[in-house]
Amino acid sequence: MASNHLKSYLLEANANLRPLFYEIVKQCERRNIRYDKQLVTFIMNLVSLDPKFEIYMETLSADRRNHDDFVEECVRILGEDRSPSLVTLKMQLYFLENFFDREDVVEKHTRNLLNKTAYLLKEITENDVITKDEQDDIFSKIIVDIVLNMGLGNPDNKEVINETLKALNSVMSRSDKAKFVTLDKKDRLMALKDIREIVCGIRIFNKHAGNSTNGISDLPRILDQSHESTKSILQITLCEIMDKVNLLTSALNSSIAYDLRNRTIVTLLPENISAEDLTNLKDLLVMYRQHEVYTRKLLDELALIKFNIDTCNQEYKAKLVKIHEAVQYRTAIPTDRVFPKFSELTRIWLQFQNYIYLLSEINQISNTLTNLTEKCLSFDDLAYRLLGESQVQTDSDRLGKTAGKQLILDAEEPNCEIVPYSLAMKVELLKFCVWHLTEADGVLMPGNVDMGVCQYQKDCYAFNIPEPVVFFDEDPDKYLFKIVQLARRKIQLITFLEIFYKVQNSYNSQSSDVFRIKAPITCEQEVQTELHPVPSNIDRQYRWNIWDLRREAIELTNMRMKRTSSCQTTKAKLTQVYPPKVQGTQTRVSRGTETEERRPRLKKTETPAAPSPLEVYSLTVESLSASSTRRSK
């Protein structure tokens, strides 16, 4: 199951790609291509991992051609409606969205049941009760609520209602009922929960004691039958998948030959098979292998549910025996010791119901995955033509050819290490041969872990034959980067081979250098911790209480409405700024009716004297001489 980070990246829409999303949707509508918005988002997130489009990691290329190429690539994938690659992507999207956590499934069904009975619960807990008729009406609704929430039968069946009423009356006396209707809403809810569990436990015990058989199903028997039916369906589905897988793997294996001298794989195609046909068979094999992985996960989940069912069944029988012993001596045992046993029996009963929901979810997921694969184009005829006269082999037959062989590295200083395989060990690429994936352009050939696994930087890889491990050891990064390049072209391999993080980390690299980062070397080192590594810094104006800041802000806001008459206060100076007053003298204002100019009177001592005759003569002579000079010139 994918991690939460992986699911959030692949399933959530990137806000920066929203304009391209609308463009893809527009192109699909223009070309009459059926699409699902969640599928479009899923494909966009996978295609964006290819660095040639330059739109990954919250950034968007400024080149319009990159946008157009990205949109065209997404539309091309969506347009191949029945192609194996698109069907594989649909399977991956559906499984990521719906493969469940058991607690989530139980919570979802509980929430749905509460929504259906919400109005009934509101009437029980919130209505005021005054008269006896109103009290009887409340407890009639309580009976229906118990039947619906505990799964005790059909509430329209009168016998079911009567049996529940008898169980309720054995728990609550008339005084208890009168006290219940006087409680507030919160206390009513708590009391109603206890009433449900005790009444349900009494009805279950009565059924097994032979006192009543109305409406209650035999859940342990139903669960056993449902488990066997679901297991049978999944096993049949897995057998059908493996028939397809064995046919396609054998056909592709017959079309390749090993050129160990040149360290490569040669493809040999008959005249009636094209390269495009071979690509379709490879994609079809990926689709069935993905279906196989999901079906095996469902089988593992089913086995765990079966274990839990058996455990609950044992507890269920033990509780019934204890209650039967307690009821035999009910006169000596107080009710406060008997009623909790009924509640415990009810909790096991509810667990049985939860397992029914889980089995239903498994069946639904399996049916949906099968329906998706049936929509894919059939290539059986093409596979048989490629197979020719060769025989169809299973994975066991194919791996048996290398039985007894071991992976051996002949380099003096190898980059890798050969380690024995253990069940707790995780082998990368789902145990498929790394050499076939890179050199045969995506052929899925299961590796033989009995020969050992090749460990490189804490990651383990398997091989189908022992010879290519020497080639891989010489330059492991080259082969890993080839797988990344293959996944960029066939985006369904990113989720299938679980190499999302390898593709993501190599986004900014166009070569295998990204894989050459070695693991950090660690050593034990003692360090004396400094007593006070950071000097103390006490801020006297720090306010730890937000309300102090709010009160100060309100005070400053109020000051803005005030006015200072004489001097600024300490706090007011932060909110008011008054420029200095301009100093000047008062002048007399000119009136509109005064026409003559007023001149200031001079004092007698300041009266100027008239010029003397000698001064007048000298000024006259100077002016005449100056004018004669100008004429002569």
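Residues numbered from 1 in each chain as written. Predicted model: local features only at pLDDT ≥ 70, side-chain atom pairs only at ≥ 80, totals over all residues. Heavy atoms only, no water.

**With respect to the packing of aromatic side chains**
Phase 1: Considering all chains together, one arrives at 15 aromatic pairs under this definition.
Phase 2: A centroid spacing of 3.9 Å and a plane angle of 10° characterise the contact between Phe95 and Tyr294, whose relative ring orientation is stacked. In this pair, Phe95 is assigned in helix α5 (residues 84-98) and Tyr294 in helix α13 (residues 275-328), connecting sequence segments 199 residues apart.
Phase 3: Given a relative accessible area of 4%, Phe95 falls into the buried group.
Phase 4: On the basis of relative accessible area, Tyr294 is assigned to the buried category, the value being 4%.
Phase 5: A centroid spacing of 5.8 Å and a plane angle of 45° characterise the contact between Phe472 and Tyr479, whose relative ring orientation is tilted. Each member of the pair, Phe472 as well as Tyr479, is classed as buried.
Phase 6: Connected via pairs of aromatic rings, a cluster forms that spans Tyr461, Phe463, Phe472 and Tyr479.
Phase 7: Taking the ring centre of Phe139 as reference, the NZ or CZ of Lys177 above it sits at 5.4 Å. (Phe/Tyr/Trp six-rings, centres within 6.5 Å; stacked < 30°, edge-to-face > 60°. Helix = DSSP H or I, 4+ residues; strand = E, 2+ residues; numbered from the N terminus. Buried < 20%, exposed > 50% of the residue type's maximum accessible area, 1.4 Å probe, protein only. Lys NZ or Arg CZ within 6 Å of the ring centre and 35° of its normal.)

**Let's talk about the pattern of salt bridges**
Phase 1: All chains considered together, the criterion is met by 31 salt bridges.
Phase 2: As a salt-bridge pair, Arg34 and Asp81 come within 2.6 Å of each other at their nearest N and O atoms. Here the residue Arg34 occupies a position in the loop between α2 (18-30) and α3 (37-47), and Asp81 occupies one in the loop between α4 (64-79) and α5, the gap between them amounting to 47 residues.
Phase 3: Classification of Arg34 as exposed rests on a relative accessible area of 66%.
Phase 4: Here Glu428 and Lys502 are joined by a salt bridge, their closest N and O atoms 3.7 Å apart. Highlighted residues: Glu428 in the loop between β3 (417-419) and α17 (434-439) and Lys502 in helix α21 (residues 500-505), separated in sequence by 74 residues.
Phase 5: One connected set of salt bridges, linked through shared partners, spans Arg289, Glu292, Arg296, Asp395 and Arg398. (Salt bridge = Lys/Arg side-chain N within 4 Å of Asp/Glu carboxyl O.)

**Notes on the side chain of Asp50**
Phase 1: Among the secondary structure elements, Asp50 is positioned in the loop between α3 and α4.
Phase 2: Of the side chains with opposite charge, Lys52 lies nearest to the buried Asp50, which makes no salt bridge, at 4.1 Å.
Phase 3: Residues within four places of Asp50 in sequence aside, it is in contact with Arg488 and Tyr507. (Lys, Arg positive; Asp, Glu negative; His and termini not counted. Contact = heavy atoms within 4.5 Å.)

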